[in-house]
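These are the residues of each chain, in order.
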Amino acid sequence: MTYSLRARVVPALAVCLAVAAIALAHNPRGKAEASFNGKAVTVEYGRPSLNGRDMLGQATAGMVWRLGSEDATTITTAGDLMIGNEMAPAGAYSLFAKKTEDGWDLLVNSETGQSGLAHDPEKDLFTAPLKVEKAGSSAEMFTITLMADGMNGTLKMQWGETALVTGLMVH
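Residues numbered from 1 in each chain as written. Predicted model: local features only at pLDDT ≥ 70, side-chain atom pairs only at ≥ 80, totals over all residues. Heavy atoms only, no water.

Engineer: Looking at this structure, I do not really get the pairing of strand β10 (residues 152–170). What am I missing?
Structural biologist: Bridge count between strand β5 (residues 81–83) and β10: three bridges; the pairing is antiparallel. Directly across from leucine 81, in β10, lies its bridge partner valine 170. Where strand β9 (residues 124–149) hands over to β10, the hairpin turn is made up of two residues, of which glycine 150 adopts a positive phi near 70 degrees. (Pairing = 2+ DSSP bridges. Helix = DSSP H or I, 4+ residues; strand = E, 2+ residues; numbered from the N terminus.)

Encoded structure:
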């Protein structure tokens, strides 16, 4: 290849690679935040789109889901966090959901910073049941919301017309 041809091909190849990288870009990240009696709770997660699928409806019993996409979903709490009848000390945790025969469970895991596909069940602090609700409207992108009322509140995870909900208490 001559120098002048290489001078034209290399920049063109760089542009093609940049366009391909944009096309393969990750799903956007989302953040839900709330203050429970002055103690901050934050959830950070990936926001995949349904694109015509019913992902939660296709889940089979025993399947563990990272509650989003790419990196594991994390919850950070400034106070001790009670979910169901279980308590996690103030700090950061990864959240996963596990499909059961008749619903979903929330898995609170002590490891953070891992890929969402790298769930280590030995690091689960506890499991809490999730209430499955039919949402009033459909969410194309996976969405997590935190709602606080004093030291009590809710964690809601919605995708499509299905919402997975649990109560929270922050001490």
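Engineer: Would you take a moment to explain the pattern of salt bridges for this structure?
Structural biologist: If charged atoms from side chains of opposite charge come close, those side chains can pair. Taken as a whole and assessed by the stated rule, the structure comprises four salt bridges. A salt bridge links glutamate 111 to lysine 123; the shortest N-O distance between them is 4.0 Å. One end of the pair, glutamate 111, is in the loop between β8 (104–109) and β9; the other, lysine 123, is in the loop between β8 and β9, with 12 residues separating them in the sequence. By relative accessible area, lysine 123 is classed as partly exposed at 35%. As a salt-bridge pair, lysine 131 and glutamate 133 come within 3.5 Å of each other at their nearest N and O atoms. (Salt bridge = Lys/Arg side-chain N within 4 Å of Asp/Glu carboxyl O. Buried < 20%, exposed > 50% of the residue type's maximum accessible area, 1.4 Å probe, protein only.)

Engineer: Hey, could you run me through the environment of glutamate 111 in this one?
Structural biologist: You can call glutamate 111 partly exposed: its relative accessible area is 24%. Distance in space between the C-alpha atoms of glutamate 111 and leucine 95 is 9.5 Å, their sequence separation being 16 residues. Apart from the residues within four sequence positions on either side, glutamate 111 is in contact with Ser94, Ala118, Asp120 and Lys123. (Contact = heavy atoms within 4.5 Å.)

Engineer: How should the confidence of the model for the chain be read in this particular structure?
Structural biologist: In low-pLDDT regions, the fine details of the predicted coordinates are not to be read closely. Looking at the chain, pLDDT values average 88 and 85% of them are 70 or higher. Here residues 12–24 is a poorly scored stretch, pLDDT under 50, and it has zero contacts once near neighbours within four places are set aside; other chains count. (pLDDT = per-residue confidence, 0-100.)

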